[in-house]
Amino acid sequence: MNELWYKDAIFYQVYVRAFYDSDGDGHGDLRGLTQKLDYLQELGVDCLWLMPIYPSPLRDDGYDIADYYNIHSDYGNLDDFKALLEAVHARGLRLIMDLVLNHTSNEHPWFQSARADRNSPYRGYYVWSDSDRKYLDARIIFIDIEPSNWTWDPLAGQYYWHRFYASQPDLNYDNPAVQEEMLNVMKFWLDLGVDGFRADAVPYLFEREGTICENLPETHTYLKKLRASMDEHYPGRILLCEANQWPEDVRAYFGDGDEFHMGFHFPIMPRIFMDIKKERANDMRDIMRLTPSIPENCQWCIFLRNHDELTLEMVTPEERQWMWKKYAPEPRMRLNRGIRRRLTPLLDNDRKKMELIHSLLFTLPGSPIIYYGDEIGMGENIWLPDRNGVRTPMQWNAGNNAGFSEAPAQSLYAPIIDNQAYGPLKINAESQERDPQSLWNTIRRMIARRKQHQTFGWGDLKWLDCQNEHIAAFSRTYQGKSVSILHNLSASGQTAKLDNIKKTLMRDILSEKAFEVRDEKLVLKLRPHEYLWLE
Ligand code: BGC
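Predicted model, so just to flag it, every value in this text is computed and none were measured.

1. Some thoughts on the overall build of the protein
- A count of helical and extended segments in the protein gives 16 helices and 22 strands.
- With respect to the principal axes defined by its C-alpha atoms, the protein has extents near 80 × 55 × 50 Å.
- In the protein, the proportion of contacts linking residues at least 24 apart, taken out of those at least 6 apart, comes to 67%.
- About 20,400 Å² of surface is accessible on the protein, with carbon and sulfur atoms providing 47% of the total.
- Charge separation in the protein, taken as the distance between the mean sites of 63 positive and 79 negative side-chain charges, equals 6 Å.

2. Structural notes on the site of the ligand
- Close to the ligand lie Asp60, Tyr63, His103, Phe142, Phe164, Gln168, Arg198, Asp200, Glu242, His307, Asp308 and Arg387.
- At 2.5 Å from an oxygen atom of the ligand is found a side-chain nitrogen or oxygen belonging to Asp60.
- Taking 310 Å² as the accessible area of the ligand by itself, protein coverage stands at 96%.
- Taken atom by atom, the bulk of the ligand overlaps the largest cavity.

3. Things to note about helix α5 (residues 109–116)
- The complete set of buried residues in α5 reads Trp110, Phe111 and Ala114. Down the axis, α5 shows its buried residues gathered within 90° of arc, on one side only.
- The elements touched by buried residues of α5 are β4 (128–129), β5 (150–153), β6 (158–161) and α6 (176–192).

4. A word on the sheet that holds strand β2 (residues 47–50)
- Read around the closed barrel, the 8 strands follow the order β1-β2-β3-β7-β8-β9-β10-β14; overall the barrel is parallel. Within this sheet the neighbouring strands show an average axis-to-axis angle of 25°, counted without direction.
- As paired elements, β2 and strand β3 (residues 94–100) share 4 bridges and run parallel to each other. Bridge pairing in β3 links Trp49 to Ile96.
- Here α6 sits on the sheet and contacts β3 and β7 (196–200); the angle it forms with β7, its principal contact strand, is near 145°.

5. Some details on empty space enclosed by the protein
- Summed over all chains, the structure comprises 2 cavities of 30 Å³ or more.
- Roughly 340 Å³ of internal volume is contained in the largest cavity.
- Taken together, 22 residues line the largest cavity, and the ones lying closest to its centre are Ile141, Phe142, Phe164, Glu242 and Asp308.
- One number sums up the size of the second largest cavity: a volume of about 40 Å³.

6. Here's the deal with the side chain of Gln13
- With respect to the secondary-structure elements, Gln13 resides in strand β1 (residues 11–14).
- Within the structure, Gln13 has its side chain in polar contact with the side chain of His307 (distance 2.9 Å).
- Excluding residues within four positions of it along the chain, Gln13 makes contact with Trp49, Met51, Arg305, Asn306, His307, Ile369, Ile370, Tyr371 and Tyr372.

7. Notes on the nonpolar core
- By size, the foremost hydrophobic cluster in this structure holds 149 residues, and its most contacted members are Tyr12, Leu50 and Phe81.
- For this core, the element with the most residues is α6, which contributes 7 residues.
- Counting 15 residues, the second largest nonpolar core, distinct from the first, contains Cys466, Ile501, Phe515 and Leu524.

8. Side note on the packing of aromatic side chains
- Within this structure, the stated rule accounts for 42 aromatic pairs.
- Note on Trp128 and Tyr160: the rings are 6.1 Å apart at their centroids and 75° apart in plane angle, and the pair reads as edge-to-face. Linking Trp128 in strand β4 with Tyr160 in strand β6, this pair joins segments that are 32 residues apart in sequence. Side by side, Trp128 and Tyr160 carry an identical accessibility label, which is buried.
- Clustering of aromatic rings is evident, with ring pairs tying together Tyr54, Tyr68, Tyr69, Phe81, Trp110, Tyr122, Tyr125, Phe188 and Trp189.

9. Re helix α4 (residues 78–90)
- Its 13 residues place the ends of α4 18 Å apart at the C-alpha level, agreeing with the 18 Å of an ideal helix rising 1.5 Å per residue.
- Within the span of α4, buried status applies to Asp80, Phe81, Leu84, Leu85, Ala87 and Val88. Buried positions in α4, seen along its axis, are confined to an arc of 165° and lie on one side of it. Among the exposed residues of α4, those pointing more than 90 degrees away from its buried face are Asp79, Glu86 and Ala90.
- Lining the buried residues of α4 we find α2 (30–35), α3 (37–43), β2, β3 and α6.
- The backbone nitrogen of Asp79 has a side-chain oxygen 3.0 Å away, supplied by the residue at the start of α4, namely Asn77.

10. Observations concerning unusual backbone geometry
- Positive phi outside glycine occurs at Glu279, with the angle close to 60°.
- Residue placement: Glu279 occurs in the loop between α9 (268–278) and α10 (282–289).
- Even without being glycine, Asp519 reaches a positive phi, approximately 50°.
- Summarising the element assignment, Asp519 is placed in the loop between β20 (514–516) and β21 (522–526).
- Look at Asp519 and you get exposed, because its relative accessible area is 72%.

11. A look at the packing of helix α13 (residues 351–363) against helix α15 (residues 439–451)
- At a minimum axis separation of 11 Å, α13 and α15 run at an interaxial angle of 20°. Here α13 is positioned roughly parallel relative to α15, judged by the angle of their axes. Crossing of α13 over α15 shows right-handed handedness. Residues Arg351, Met354, Glu355, His358, Ser359, Phe362 and Thr363 of α13 touch α15, and the partners they reach there are Leu439, Thr442, Ile443, Met446, Ile447 and Arg450.
- Looking at the contact of α13 with α15 residue by residue, the classes come out as 6 nonpolar, 4 polar and 3 charged.

What counts, and at which threshold
Residues numbered from 1 in each chain as written. Predicted model: local features only at pLDDT ≥ 70, side-chain atom pairs only at ≥ 80, totals over all residues. Heavy atoms only, no water. Helix = DSSP H or I, 4+ residues; strand = E, 2+ residues; numbered from the N terminus. Contact = heavy atoms within 4.5 Å. Areas by Shrake-Rupley, 256 points an atom, 1.4 Å probe, with all protein chains shown as cover. Lys, Arg positive; Asp, Glu negative; His and termini not counted. Charge placed at Lys NZ, Arg CZ, Asp CG, Glu CD. Near = heavy atom within 4 Å. Polar contact = N/O pair within 3.5 Å; in protein donor to acceptor, adjacent residues only side chain to side chain. 1 Å grid on protein atoms, 1.4 Å probe; cavity = no way out; pocket = protein on both sides within 12 Å on 5 of 7 lines; lining within 4 Å. Sits in = over half its atoms within 2 Å of the grid points. Buried < 20%, exposed > 50% of the residue type's maximum accessible area, 1.4 Å probe, protein only. Arc of directions from axis to C-beta. Pairing = 2+ DSSP bridges. Axes fitted to C-alpha atoms, helices over the stretch in contact; angles between N-to-C directions. Points joined across faces, edges and corners; volume = space filled by probe spheres on them. Core = buried A, V, L, I, M, F, W, Y, C linked by side-chain atoms within 4.5 Å. Phe/Tyr/Trp six-rings, centres within 6.5 Å; stacked < 30°, edge-to-face > 60°. Expected span 1.5 Å × (residues − 1). Parallel < 35°, antiparallel > 145°, perpendicular 65-115°, else oblique. Left-handed = near helix turned anticlockwise from the far one by under 90°. Nonpolar A, V, L, I, M, F, W, Y, C, P; charged D, E, K, R; others polar.

And the structure:
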């Protein structure tokens, strides 16, 4: 077994409720997802990440868990989950789930017991205080909604601590019973055969006065325990870290290769959008220079969009204003410190920019993850509450309910996108699978090419000087083999000049086109938003 499979894998993020409804109740479900695995395999996906599917009152779309050992009835049951996993593995694919360690739902029986009785064994599962003046240096994450990280519970007669919604009380990791309990949760799903977890919101597990209550040493110690248990009993499974932090802080979550296998690279994401808008490669380059190297058995996970707002935590206040102005001109598009929009509308539904940004996704260091629907260019509905506007039903075909569900339209969990540019008549998977020139097929081909070159998953990154600031030029090198990648970020034609090339020919591995090198120099004319992967 290849235990380092995640170094070369293509990940795909699935919101099960949005994917495919097998029983006509208006909600996507596990059986529905099982029926759509061919589609994902065709695209070239290797590993699915399923957003939370546990029982939950859904005040934060399942990130508020009421039972860690079961499946939400909207999605099916444990047998459906086992059948999905079996079908995934039968295809040689893998599946990771969300592991929400930091908090539970306030409807979790632990919290209900804890608040009702000071002597409950679960009282100490949560963080209580008589005063709401503790840990004041900790920032509030959902600043649009929550005035404080403390909420008064009249039944408990105390305040409880929560980093997210008040309906998500934080677990108390100073309690060994909590540490043990969450280790058991992890083992339960690993025993069922899942290939690992995307660990949600890990910076916030512990609280200490006088700190910002993020990335504390105690947190790393506990996470290393989870990892050690995984290594001992479940080799080949992975932990993917969600820490919306600067590269040097995320670096700590890799430890010495003994904490997380993977970590999302949050700061590169907004900089890709910044550079495409500015038509210059500076910001991506700067952040990659600030990105420390990571142990050989670790891997970054690169994403363009996900189920949350496009977060602008990892930019300066000036850059945030600039991003809002450029990418969220209507106030409704802004949410918390981010933008509640989908990839394609952010890029003005411009096919060339869509390809360019995917080329960056597939060639920057790390394993790429695709957010469901972005491979066909789905749109958004900013008028839905919270982040729901980027969680609308997958558009499978031009038929009823976009082929997502047979329920009456008014019973769907969310309306299908219905505007002219992004409705299912215009955007759907079926027609794109048939059309060799579609975005879906272009992405499928990029993935297939990427898989032929280990350098994308393993290689070093070096920025190249091509004497043109409009072009992002870098090489990826592994075991003496190198690919030089050029992205013309500008909407006009540009010339790239590369020196010191000890070859006579360079070939674009995407188009198979060859370019002649003269006197160790290569001069290339790139069309607007053109990208080349030169070998
Ligand atoms: C998830 C969010 C969620 C939050 C609280 C995250 O960072 O991505 O969707 O609201 O954690 O669980």
